[in-house]
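The chain contents come next:
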Amino acid sequence: MLETPAPEPSSEYGRRLFFPSATDAEWNDWRWQYRNRVRDLATLAKYLPFSKGEFDQLKLVEDQLHIGIPPYYLALIDPADMEDPIRKQAVPAGAEFTYHSVGVSDPLHEDGEMAVEGLVHRYPDRVLFIATNMCPMYCRHCTRRREWEDGELPKSRPMLDAMIAYIRQTPQIRDVIFSGGDPLSLPLPVLDYCLTEIRKIPHVEIIRIGTRFPVVLPQRVTDELCTVLGKHLPVWMNTHFNHPRELTPEAHAACQRVLRTGIPVNNQSVLMRGVNDSAETMLKLCHGLLRIGVRPYYLFQCDPIRGAEHLRTSVWAGVEILEKMRGWTSGLAIPTFVVDTEGGGKIPLAPNYLMYATEDALVLRNYEGRIFQYKNPAPPAARRRRKAAASPLPFDAKPARPHLVKRDRA
Ligand SMILES: *Cc1c(COP(=O)(O)O)cnc(C)c1O
Ligand code: SF4
């Protein structure tokens, strides 16, 4: 445990311990942070303890570790706690290799579904634009580990142009999600170029930026970067906080700069064993997010990624966390819990509040477990007659009604 409990999460203690000679100018300069990322095991072992057995095991597979930890994020780790939730996200563990055969490299079948290389077009109206495979930090639980396991390879201009051309030629795309890797690790002129070209396409309504910079290297979120993003509004940002200890003044300031640019910030967390798999931690995280103006959006079940099996937990742990949030706290604090599938996209899971239903009535339970009967209004007669007619939706969606009992059978 830390000697002096900080009044709020902070990198101060770790900074004094690990990087005592870093000046304020260096520490607050994202280039210094990026340049001084810890990239190998020996350097990491200077800061953090490893058990002898684990260190020897990791040494054997050093070329597969792909470590990348900015000094700022390293400074959030409590070196005395081998089970530290920040450590688990950043520092390789021997267990990655113990269960190496359990997971798969591409759990969401993205590689097989690229419209053009770097572009995943799974849903009707939006695409994932994999702008780069570089990240400021390589998260141990990353679903796209396969992207960066070959090393840091910038995408060529012709590749980016081919991705942009596909969007231009596909009028149903109204939402382009910059992902990666981390799109904010692109050089600013390249990022600006992609955003400018995509903004020129009339059918693209919104652009989203998926980035972990506000969490792992918040110094990168400079006014200069925000000015570039701000030229291409409407832009939305999705970031990736997993634990309340990541909510430092630096992270807060980074989110504030983005929000002031007119870019709403939402958060996508990954449910991980020993990191955030309790209602208490998740409540603290989500309350903290709301306090810095960030809306919890998704809580992801950890995908069956090769090397991350030890971080996964049961989907019921996620459902139970939601059960302990809904009703007990602000609805704004509650993310949607989703399981992502092999090529089928995200599927939401939630506690079941519908106990029984007929056409006329529903039996519901509330968050406290109290039971209510709810009268269901009859559908308009005309609608009833046209029941078999075409759905007004662009797809044939029929809401599932579990336990539905037909009246005439009763
Ligand atoms: C997650 C994801 C999206 C975005 O999904 P939303 O539910 O709109 O946030 C789009 N494309 C792919 C391939 C995804 O995995
Ligand atoms: S920032 Fe995102 S893409 Fe990059 S390693 Fe972490 S989880 Fe993966």
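Here is a short report on the structure shown in this document.

Definitions and limits used
- Residues numbered from 1 in each chain as written.
- Chains lettered and ligands numbered in written order.
- Predicted model: local features only at pLDDT ≥ 70, side-chain atom pairs only at ≥ 80, totals over all residues.
- Heavy atoms only, no water.
- Helix = DSSP H or I, 4+ residues; strand = E, 2+ residues; numbered from the N terminus.
- Rg over C-alpha atoms; globule rule 2.2 N^0.38 Å.
- Buried < 20%, exposed > 50% of the residue type's maximum accessible area, 1.4 Å probe, protein only.
- Contact = heavy atoms within 4.5 Å.
- Areas by Shrake-Rupley, 256 points an atom, 1.4 Å probe, with all protein chains shown as cover.
- Salt bridge = Lys/Arg side-chain N within 4 Å of Asp/Glu carboxyl O.
- Near = heavy atom within 4 Å.
- Polar contact = N/O pair within 3.5 Å; in protein donor to acceptor, adjacent residues only side chain to side chain.
- Nonpolar A, V, L, I, M, F, W, Y, C, P; charged D, E, K, R; others polar.
- 1 Å grid on protein atoms, 1.4 Å probe; cavity = no way out; pocket = protein on both sides within 12 Å on 5 of 7 lines; lining within 4 Å.
- Points joined across faces, edges and corners; volume = space filled by probe spheres on them.
- Pairing = 2+ DSSP bridges.
- Patch = residues over 30% accessible without salt bridge, like charges linked within 9 Å, V, L, I, M, F, W, Y side chains within 5 Å.

What follows deals with the overall build of the chain. From N to C terminus, the chain includes 17 helices and 14 strands. Taken against the 2.2 N^0.38 rule, which gives 22 Å for 410 residues, the C-alpha radius of gyration of the chain at 23 Å falls within 12% of a compact globule. Dimensions along the principal axes, computed over C-alpha positions, put the chain at roughly 75 × 50 × 45 Å. By residue count, 48% of the 410 residues in the chain fall in the buried class. For the chain, the proportion of contacts with a sequence separation of at least 24, taken over those separated by at least 6, is 75%. With the model as given, the accessible surface of the chain reaches about 20,000 Å², and the carbon-plus-sulfur share is 56%.

Quick look at the pattern of salt bridges now. In this structure the tally under the stated criterion is 24 salt bridges. Note that Lys-52 and Asp-56 form a salt bridge whose closest N and O atoms lie 2.7 Å from each other. Of this pair, Lys-52 and Asp-56 both sit in helix α5 (residues 52-60), 4 residues apart, which is roughly one turn of the helix. On the basis of relative accessible area, Asp-56 is assigned to the partly exposed category, the value being 37%. A salt bridge links Glu-110 to Arg-144, with the shortest nitrogen-to-oxygen separation between them at 2.7 Å. One end of the pair, Glu-110, is in the loop between α8 (95-98) and β1 (114-116); the other, Arg-144, is in the loop between β3 (126-130) and α9 (145-148), with 34 residues separating them in the sequence. Taking the relative accessible area as the measure of exposure, Glu-110 reaches 2% and is therefore buried. Taken together, the shared-partner salt bridges in this structure form one network comprising Asp-106, Glu-110, Asp-111, Arg-144 and Arg-146.

Quick look at the site of ligand 1 now. Around ligand 1, the neighbouring residues are Val-120, Arg-122, Tyr-123, Arg-126, Leu-128, Ile-177, Arg-208, Tyr-297, Tyr-298 and Lys-346. In this structure, an oxygen atom belonging to ligand 1 sits 2.5 Å away from a side-chain N or O atom of Tyr-298. Protein coverage of the free-state accessible area of ligand 1, which is 390 Å², stands at 90%. The class makeup of the residues in the shell around ligand 1 is 6 nonpolar, no polar and 4 charged.

This part takes up empty space enclosed by the protein. Summed over all chains, the structure comprises 1 cavity of 30 Å³ or more. Each pocket or cavity is described by its volume, and for the largest cavity that value is around 30 Å³. Lining the largest cavity are Asn-267, Ser-269, Met-282, Cys-286, Leu-289, Pro-296, Tyr-297, Tyr-298 and Pro-335. Sorting the residues of the lining of the largest cavity by element identifies β7 (265-271), α15 (279-291) and β8 (295-301) as the ones contributing at least two each. For the lining of the largest cavity, a count of residues per class yields 7 nonpolar, 2 polar and no charged.

Once that is clear, we can look at the pairing of strand β11 (residues 354-358). Relative to strand β12 (residues 361-365), β11 runs antiparallel, the two being bridged by 3 bridges. Within the sheet, the bridge partner assigned to Tyr-356 lies in β12 and is Val-363. From the end of β11 to the start of β12, which pair antiparallel, there are 2 residues.

There is a patch of nonpolar side chains on the surface, built from Met-355, Tyr-356 and Ile-371 and spanning about 290 Å² of accessible area. Checked against the element boundaries, Tyr-356 lands in strand β11.

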